[in-house]
Amino acid sequence: MKKRIKMLFEQVLLVSFLINLAVGIEGVYFWIKDGEFYYRAILPFSVIIGSILTCLPSGLIYTEEVVKPAVRSIRIALHAVITCAVIMLTGYVFKWYTNFNEALYVFVAFVVIYILVWIVMYWLGKSDEKAINNALELYNGTGSE
Amino acid sequence: MKVTFEKISNKDEESAVIRATEKTEQIITAMGLLENGEQILLGTLNGEKVPCPVSKIFYIESVDEKTFMYLENDCLEVQFKLYELEDILDQRFFRCSKSMICNMKKIKSVKVVENSKMRATLVNGETIIISRSYVKELKRRLGL
């Protein structure tokens, strides 16, 4: 349970960062385009709430055992749909969007962030893999069994 | 058990005497360490007790309340629980999942699989899974 909470916390930090990045890009874009752009006071708080809520469905895909590729694909698809629903609902409650175009922007931002999170996780995993294999080579090269 | 150490000057006269009512597994382990310079665990194979140097162990798994040591070709049952073995065994051995301890010297390579878990290929070609949370422990042991 403790490990699961820790994993969720790490994801909340990553997702918060990426949502803030998306919001920042939006701000810069409209500031350049219109000359001014203001954030609502509730925004930072709503980003944190949104990050926590979107990370909760991660429990669906976090398992100790390795599952079959088909089961894993279904879990990921289910996770993506639930997470999307959560973010759109959070956006609606906190007024991240007030019309269709803004809702579309939130949806596109979600898709980009979702893919980015997977890419970052994959990249971190691959970095670990490389570092561990190099260290194992050194470790097993010193001292024989 | 009371343990006494007596310092002597002549190396040829070095010896150890264990006085006990029974030759337990702990005593056999200690004897193996003193006689061969390596830990010996006593396993059971086909109802017979078999001494096993720890360097021969690839991994140890707990299945249905029983603990098994996997060697290159054999599998021996051992009386210890995994948490007891974690204390007994040296730094080569690390917990790689809730139900498994692995010998790092027997890992050939690792490959990341889903959710940052790792699949470790052992030198005999077998593969085992290192859980996400235990990957950190492996990294720590390797000084990463």
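## Here we look at the sheet that holds strand β9 (residues 118–122) of chain B
Line of reasoning, step 1. If you walk across this open sheet you meet the three strands as β8-β9-β10 (chain B), and the pairing is antiparallel. Since the sheet does not close on itself, it has two edges, and those belong to β8 (107–112) and β10 (127–130) of chain B, each with one partner. Shown here is a sheet whose adjacent strand axes are inclined to one another by a mean of 30 degrees, direction ignored.
Line of reasoning, step 2. Helix α4 (residues 100–141) of chain A rests against β8 and β9 of chain B of the sheet, and its axis sits at about 175 degrees to β8 of chain B.

## Some details on the pairing of strand β6 (residues 93–97) of chain B
All names here are of chain B.
Line of reasoning, step 1. By the criterion of burial, β6 is predominantly enclosed, with five of the five residues buried.
Line of reasoning, step 2. In this sheet, strand β7 (residues 100–103) lies alongside β6 in antiparallel orientation, the contact comprising four bridges. Within the sheet, the bridge partner assigned to Phe94 lies in β7 and is Cys102.
Line of reasoning, step 3. In sequence, β6 turns back onto β7 through a hairpin of two residues.

## Quick look at the interface of chain A and chain B
Line of reasoning, step 1. Each partner contributes to the interface: chain A provides 27 residues, whereas chain B provides 28 residues.
Line of reasoning, step 2. Of the roughly 2,600 Å² buried between chain A and chain B, counting both surfaces, carbon and sulfur atoms make up 53%.
Line of reasoning, step 3. Here chain A is connected to chain B by three salt bridges.
Line of reasoning, step 4. Note that Lys139 of chain B is salt-bridged to Asp128 of chain A, the shortest N-O span being 2.8 Å.
Line of reasoning, step 5. Among the secondary structure elements, those contributing two or more residues to the side of chain A that touches chain B are α1 (2–34) and α4 of chain A.
Line of reasoning, step 6. It is α4 of chain A that contributes the most residues to the side of chain A that touches chain B, 12 residues altogether.
Line of reasoning, step 7. Looking at the side of chain A that touches chain B residue by residue, the class counts come to 11 nonpolar, six polar and 10 charged.

## Side note on the side chain of Arg95 of chain B
Residue and element names in this part refer to chain B.
Line of reasoning, step 1. Take Arg95: it is sitting in strand β6.
Line of reasoning, step 2. Among the residues examined, Arg95 registers a relative accessible area of 14% and is labelled buried.
Line of reasoning, step 3. Only 3.1 Å separates the side chain of Arg95 from the side chain of Glu86, close enough to count as a polar contact.
Line of reasoning, step 4. For Arg95, the side chain forms a polar contact with the main-chain oxygen of Lys98, separated by 2.5 Å.
Line of reasoning, step 5. If sequence neighbours within four positions are ignored, Arg95 has contacts with Leu82, Tyr83, Glu86, Met100, Ile101 and Tyr134.

## Brief notes about helix α3 (residues 69–93) of chain A
Given 3.6 residues per helical turn, the α-helix brings residues three or four places apart onto the same face.
Line of reasoning, step 1. Look at α3 of chain A: 36 Å from first C-alpha to last across 25 residues, which is about the 36 Å you get at 1.5 Å a residue.
Line of reasoning, step 2. Of the residues one or two after α3 of chain A, Lys95 of chain A is the one with positive phi, at around 60 degrees.

## A closer look at a nonpolar patch on the surface
All names here are of chain A.
Line of reasoning, step 1. Nonpolar side chains collect at one region of the surface, where Phe100, Leu104, Phe107, Val108, Val111, Val112, Ile115, Leu116 and Ile119 lie side by side and expose about 780 Å² of accessible area between them.
Line of reasoning, step 2. Relative to the elements of secondary structure, Leu104 occurs in helix α4.
Line of reasoning, step 3. Relative accessible area serves as the criterion here: at 41%, Leu104 is assigned to the partly exposed category.

## What to know about the packing of aromatic side chains
Line of reasoning, step 1. Enumeration according to the criterion identifies six aromatic pairs over all chains in this entry.
Line of reasoning, step 2. Plain terms: the ring middles of Tyr29 of chain A and Phe30 of chain A are 5.0 Å apart, the flat faces sit at 75 degrees to each other, and that makes the pair edge-to-face.
Line of reasoning, step 3. Site record: aromatic cluster; members linked through ring pairs are Tyr29, Phe30, Phe37 and Tyr39 of chain A.
Line of reasoning, step 4. Across the ring face of Tyr139 of chain A, the terminal group of Lys105 of chain B is positioned such that the distance to the ring centre comes to 4.6 Å.

Thresholds applied
Residues numbered from 1 in each chain as written. Chains lettered and ligands numbered in written order. Predicted model: local features only at pLDDT ≥ 70, side-chain atom pairs only at ≥ 80, totals over all residues. Heavy atoms only, no water. Pairing = 2+ DSSP bridges. Helix = DSSP H or I, 4+ residues; strand = E, 2+ residues; numbered from the N terminus. Axes fitted to C-alpha atoms, helices over the stretch in contact; angles between N-to-C directions. Contact = heavy atoms within 4.5 Å. Buried < 20%, exposed > 50% of the residue type's maximum accessible area, 1.4 Å probe, protein only. Buried area = accessible area lost by both parts, 1.4 Å probe. Salt bridge = Lys/Arg side-chain N within 4 Å of Asp/Glu carboxyl O. Nonpolar A, V, L, I, M, F, W, Y, C, P; charged D, E, K, R; others polar. Polar contact = N/O pair within 3.5 Å; in protein donor to acceptor, adjacent residues only side chain to side chain. Expected span 1.5 Å × (residues − 1). Patch = residues over 30% accessible without salt bridge, like charges linked within 9 Å, V, L, I, M, F, W, Y side chains within 5 Å. Areas by Shrake-Rupley, 256 points an atom, 1.4 Å probe, with all protein chains shown as cover. Phe/Tyr/Trp six-rings, centres within 6.5 Å; stacked < 30°, edge-to-face > 60°. Lys NZ or Arg CZ within 6 Å of the ring centre and 35° of its normal.

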